[in-house]
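# Structure assessment
Here is what each chain is made of, one letter per residue.
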Amino acid sequence: LDREVALRVSQALVASGAALTAFTVVATQGLVRRAGMVIAALVAAICWGMNAEVGLSGFVDLTWPPVLVSAAVLLLCGRDDRRTMWRAAVLVAAAALMKSEAQPAVLLLLVLAGIRARGGWRRLLPVAGAAFAAIATWTVVTVVTNAPTEERGDWSRVVDLARPGTEPHERLVEVLSSIVDQAGWLVLAGVVGVLACIIVGRLARLPVDQPGAISMLLLAAGYAAFLAVSLAVSEEDLEGYFVTGTYRYVIVVRLLVMVDLVIVWLAALRALGVVAPNPTEGSPRSRDTAIAPAVPPTP
């Protein structure tokens, strides 16, 4: 009975995460009516499409990624007002408390958000405080309850990653090969789609402007790199621990890329006049990745 209840709770969290991501994207982009319904349905379908079986089976690998992605959309693609920061604070704390693998992604997100904020970094204090409080709580609980923790490995062996023939180098090659195989054409197509929009926007001088377009890709790439390096220097049996479960570890990478693709193409459709301008825009923002400058007025 307890397992059944836990499974149903986990499934409800996965469904809530998919709905949350859909709502966050729609709200951040200021979509209403039919456009909002279409994009919400598309984003929710993307969330479930990352591997619905994982979420419905009780694994948390499809529980924390939608929460983290929602926080990333707010911090990297949305406004930088106080309300947005507090919402993001709740989300990063929730993601960090769901699984230890989410904590490096949360810290990387904070770094990217800080770069975007530049002089306005103080606005991120609630988010940073919530993230560090969640990580500290996780650590304290594991110590107090004497819960088993994962082997973090010997990080002094990082220097061996670039030396062919060493164990860390061989493990790194194996992990990267598995990540590329599982991320597959979907991530490649998503990255190409985002970059194509950026390049075409610049060449055509379209007034496309979407903050966070590159930062979302950097977050995905950074997390994949951390995952590969941390496993390369660890002593875990890759065959039993990682290689057979890579499809679960890359869910957050795939979700970040695909949601980024949706947001960037929305910006392109706005530039073409297909979608109405974002009514939520208007407050000063740090534009870390303007896809293309607006066409200057004709003298």
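Throughout what follows, the structure given in this document is the object of discussion. Since the structure is predicted, the reported quantities are computational estimates derived from the model, not experimental observations.

Each value, and the rule that gives it
- Residues numbered from 1 in each chain as written.
- Predicted model: local features only at pLDDT ≥ 70, side-chain atom pairs only at ≥ 80, totals over all residues.
- Heavy atoms only, no water.
- Axes fitted to C-alpha atoms, helices over the stretch in contact; angles between N-to-C directions.
- Helix = DSSP H or I, 4+ residues; strand = E, 2+ residues; numbered from the N terminus.
- Left-handed = near helix turned anticlockwise from the far one by under 90°.
- Contact = heavy atoms within 4.5 Å.
- Nonpolar A, V, L, I, M, F, W, Y, C, P; charged D, E, K, R; others polar.
- Salt bridge = Lys/Arg side-chain N within 4 Å of Asp/Glu carboxyl O.
- Buried < 20%, exposed > 50% of the residue type's maximum accessible area, 1.4 Å probe, protein only.
- Patch = residues over 30% accessible without salt bridge, like charges linked within 9 Å, V, L, I, M, F, W, Y side chains within 5 Å.
- Areas by Shrake-Rupley, 256 points an atom, 1.4 Å probe, with all protein chains shown as cover.
- Polar contact = N/O pair within 3.5 Å; in protein donor to acceptor, adjacent residues only side chain to side chain.
- Parallel < 35°, antiparallel > 145°, perpendicular 65-115°, else oblique.

Looking now at the packing of helix H6 (residues 102-117) against helix H9 (residues 213-232). Interaxial distance between H6 and H9 falls to 10 Å at its minimum, and their mutual angle equals 145°. Handedness of the crossing formed by H6 with H9: right-handed. Every residue of H9 that contacts H6 at Pro104, Ala105, Leu108, Leu109 and Leu112 is listed here: Ser215, Leu218, Leu219, Gly222, Tyr223 and Phe226. By residue class, the composition of the contact of H6 with H9 is nine nonpolar, two polar and no charged.

This paragraph deals with the pattern of salt bridges. Applying the stated criterion to the full structure yields four salt bridges. The partner of Arg8 in a salt bridge is Glu4, with the nearest N and O atoms 2.5 Å apart. Of this pair, Arg8 and Glu4 are both found in helix H1 (residues 2-28), four residues apart, which corresponds to roughly one turn of the helix. For Glu4, a relative accessible area of 37% gives the class partly exposed. Note that Asp61 and Lys99 form a salt bridge whose closest N and O atoms lie 2.6 Å from each other. Taken together, the residues Asp61 in the loop between helix H3 (52-56) and helix H4 (64-77) and Lys99 in the loop between helix H5 (82-98) and H6 connect sequence positions 38 residues apart.

As a further point, take a nonpolar patch on the surface. A surface patch of nonpolar side chains, amounting to about 240 Å² of accessible area, comprises Val5, Val9 and Leu13. Structurally, Val5 can be placed in helix H1.

Further remarks concern the side chain of Arg270. By the element assignment, Arg270 lies in helix H12 (residues 251-271). The buried category is assigned to Arg270, whose relative accessible area is 17%. Only 2.4 Å separates the side chain of Arg270 from the backbone oxygen of Gln29, close enough to count as a polar contact.

Turning our attention to the packing of H1 against helix H2 (residues 33-49). One way to put it is that H1 packs onto H2 with a least axis distance of 8 Å and a crossing angle of 140°. With respect to each other, H1 and H2 are oriented oblique. The handedness of the crossing between H1 and H2 comes out as right-handed. On the side of H1, the interface is formed by Val14, Ala15, Ala18, Thr21, Ala22, Val25 and Val26, while H2 contributes Gly36, Ile39, Ala40, Val43, Ala44, Cys47 and Trp48. Of the residues assigned to the contact of H1 with H2, the class counts are 12 nonpolar, two polar and no charged.

This next bit is on unusual backbone geometry. Phi angles above zero are rare outside glycine, and Arg33 is one such case at about 55°. Here Arg33 is to be found in helix H2. The backbone phi angle of Asn51 is positive, close to 155°, even though this residue is not glycine. Positionally, Asn51 belongs in the loop between H2 and H3. Asn51 gets classed as partly exposed once you look at its relative accessible area, which sits at 22%.

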